[in-house]
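The lines below spell out each chain.
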Amino acid sequence: MRNVVVTDPPRADVGDAETLGGFGTATVHEALGRVGYLGPEFRPAWAGARIGGTAVTALCWPGDNLMIHVAVEQCRPGDVLVVATNSPSTDGLFGELFATALARRGVRGVVLGCGVRDVAELREMGFPAWSRAVSAQGSVKATAGAVNVPVVLGGQTIHPGDVVVADDDGVMVVPRADVPRALTASQARIDKEAASRAAFADGELGLDRYGLRDKLPEFGIEYVSYDKWVAE
Ligand SMILES: O=C([O-])CC(=O)C(=O)O
Ligand SMILES: [Mg+2]
């Protein structure tokens, strides 16, 4: 591993990132073709946060948060800090002191492939955090890593400057080049779901709305009365 800090990676527009955050993880993930989701292991430290921001990445050694300290200085308003460790770890590398420094810099939240701690304080200060674990396990500041290099979390590659969208459903990444398509496709999906929601509230069934009823025989699904069912 090369111990680099990349100081000026290109990043997506922070306004676009905020718009995608407003659409939410499930919508943007579906709209892009069911890609980019980090998986259900990434959970919010507290419920109700919904963000979209541009990634600043930190690659740390397990149990060592030196590179988070280095990364904080690279963060700008509208960013989301993304922390990966170069081998699996659940240690609580991040807590309210880091959150205080990031909030001061206009950072919208943090995503950690390891653990988070100080959850009560994070909730109280309203700083959003997603992680694979909650852990009080403390860390050292001893080993060099990298900042703003591509990292892999939950099987997804996150490049610095990509958009990270996160809410109660989890975390997803939108590659920078896909942001225009994500915006258009997500808005189309929002509109389509608004129409479906109104129809369902009115009593229409998905079977009819999505043209599924006519296809049921193709699936081999048959309807039988209870008496016939128990007699067979
Ligand atoms: O200081 C640490 O190692 C992590 C932490 O708890 C904090 O940021 O508050
Ligand atoms: Mg702490």
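Residues numbered from 1 in each chain as written. Chains lettered and ligands numbered in written order. Predicted model: local features only at pLDDT ≥ 70, side-chain atom pairs only at ≥ 80, totals over all residues. Heavy atoms only, no water.

Counting its secondary structure elements, the chain contains nine helices and 11 strands. Its C-alpha atoms give the chain principal-axis dimensions of roughly 70 × 40 × 35 Å. Going through the 232 residues of the chain one by one, you find that 44% of them count as buried. By sequence separation, contacts in the chain at least 24 residues apart represent 76% of the contacts at least 6 residues apart. As displayed, the chain has an accessible area near 11700 Å², and 53% of this comes from carbon and sulfur atoms. Taking the average location of the 22 positive side-chain charges in the chain and that of its 29 negative ones, the two points are 4 Å from each other. (Helix = DSSP H or I, 4+ residues; strand = E, 2+ residues; numbered from the N terminus. Buried < 20%, exposed > 50% of the residue type's maximum accessible area, 1.4 Å probe, protein only. Contact = heavy atoms within 4.5 Å. Areas by Shrake-Rupley, 256 points an atom, 1.4 Å probe, with all protein chains shown as cover. Lys, Arg positive; Asp, Glu negative; His and termini not counted. Charge placed at Lys NZ, Arg CZ, Asp CG, Glu CD.)

So, on to the packing of aromatic side chains. In total, this model carries three aromatic pairs according to the counting rule given. Ring plane angle 20° and centroid distance 5.6 Å describe the contact between phenylalanine 94 and phenylalanine 98, whose orientation is recorded as stacked. The same class applies to phenylalanine 94 and to phenylalanine 98, which are both buried. With centroids separated by 6.2 Å and ring planes inclined at 25°, the aromatic side chains of phenylalanine 94 and phenylalanine 127 adopt a geometry described as stacked. One end of the pair, phenylalanine 94, is in strand S4 (residues 92-94); the other, phenylalanine 127, is in the loop between helix H5 (119-125) and strand S6 (129-134), with 33 residues separating them in the sequence. The residues phenylalanine 94 and phenylalanine 127 share a single accessibility class, namely buried. Among the aromatic residues, those joined into a ring-pair cluster are Phe94, Phe98 and Phe127. (Phe/Tyr/Trp six-rings, centres within 6.5 Å; stacked < 30°, edge-to-face > 60°.)

Predicted confidence across the chain gives a mean pLDDT of 97, with 100% of residues reaching 70 or more. Overall fold confidence for the complex sits at a pTM of 0.96, while the interface term, ipTM, reaches 0.98. (pLDDT = per-residue confidence, 0-100.)

A few words on the UniProt feature "binding site: Mg(2+)" (unreviewed entry) in the chain. According to UniProt, the "binding site: Mg(2+)" (unreviewed entry) feature falls on Asp118. Mapping aspartate 118 onto the fold places it in the loop between strand S5 (109-116) and H5. For aspartate 118, a relative accessible area of 28% corresponds to the partly exposed category. Ignoring anything within four residues of it in the chain, the contact list for aspartate 118 reads Gly95 and Glu96. (UniProt positions renumbered as here; feature names shortened; annotations may be inferred.)

A separate point is the environment of alanine 84. Inspection of the secondary structure puts alanine 84 in strand S3 (residues 79-85). With 68 residues separating them in the primary sequence, alanine 84 and valine 152 have C-alpha atoms 7.2 Å apart. With near-sequence residues (within four places) excluded, alanine 84 lies in contact with Ala58, Leu59, Cys60, Val151, Val152 and Leu153.

This brings us to the nonpolar core. Across soluble globular proteins, nonpolar side chains show a tendency to be buried alongside one another. Ranked by internal contacts, the top residues of the largest apolar core, which has 48 residues, are Ile68, Leu81, Phe94, Val111 and Ile158. Considering every element that reaches this core, the biggest residue donor is strand S2 (residues 51-60), with six residues. In this structure isoleucine 158 touches Leu38, Ala55, Thr57, Val82, Val149, Pro150, Val151, Leu153, Val164 and Val173, once residues within four positions along its chain are discounted. Counting 12 residues, the second-largest nonpolar core is a separate cluster that includes Ala12, Leu20, Val28 and Val179. (Core = buried A, V, L, I, M, F, W, Y, C linked by side-chain atoms within 4.5 Å.)

Another aspect to go through is helix H6 (residues 179-201). Here H6 is 23 residues long and its end C-alpha atoms lie 32 Å apart, about the 33 Å a rise of 1.5 Å per residue gives. Turning to H6, its buried residues number three or more, namely Val179, Ala182, Ser186, Ser196 and Ala199. Lining the buried residues of H6 we find helix H1 (14-23), helix H2 (25-31), strand S10 (163-167), strand S11 (170-174) and helix H7 (206-209). The first or second residue beyond H6 is glycine 203, which carries a positive phi of 105°. (Expected span 1.5 Å × (residues − 1).)

Taken domain by domain, the chain holds domain 1 (4-178) and domain 2 (186-231). Put simply, the middle of domain 1 and the middle of domain 2, counted by C-alpha atoms, are 38 Å apart. The interface is formed by six residues belonging to domain 1 together with four residues belonging to domain 2. Both faces combined, the contact of domain 1 with domain 2 buries some 470 Å², and carbon together with sulfur accounts for 66% of it. Scanning the region where domain 1 abuts domain 2 turns up zero salt bridges. In this structure, the connection of domain 1 to domain 2 is made through zero residue pairs in polar contact (both at pLDDT 80 or more). Within the residue set of the side of domain 1 that touches domain 2, elements represented by two or more residues are H1 and H2. Tallied by class, the residues present in the side of domain 1 that touches domain 2 amount to four nonpolar, one polar and one charged. (Domains from an automatic or database assignment. Buried area = accessible area lost by both parts, 1.4 Å probe. Salt bridge = Lys/Arg side-chain N within 4 Å of Asp/Glu carboxyl O. Polar contact = N/O pair within 3.5 Å; in protein donor to acceptor, adjacent residues only side chain to side chain. Nonpolar A, V, L, I, M, F, W, Y, C, P; charged D, E, K, R; others polar.)

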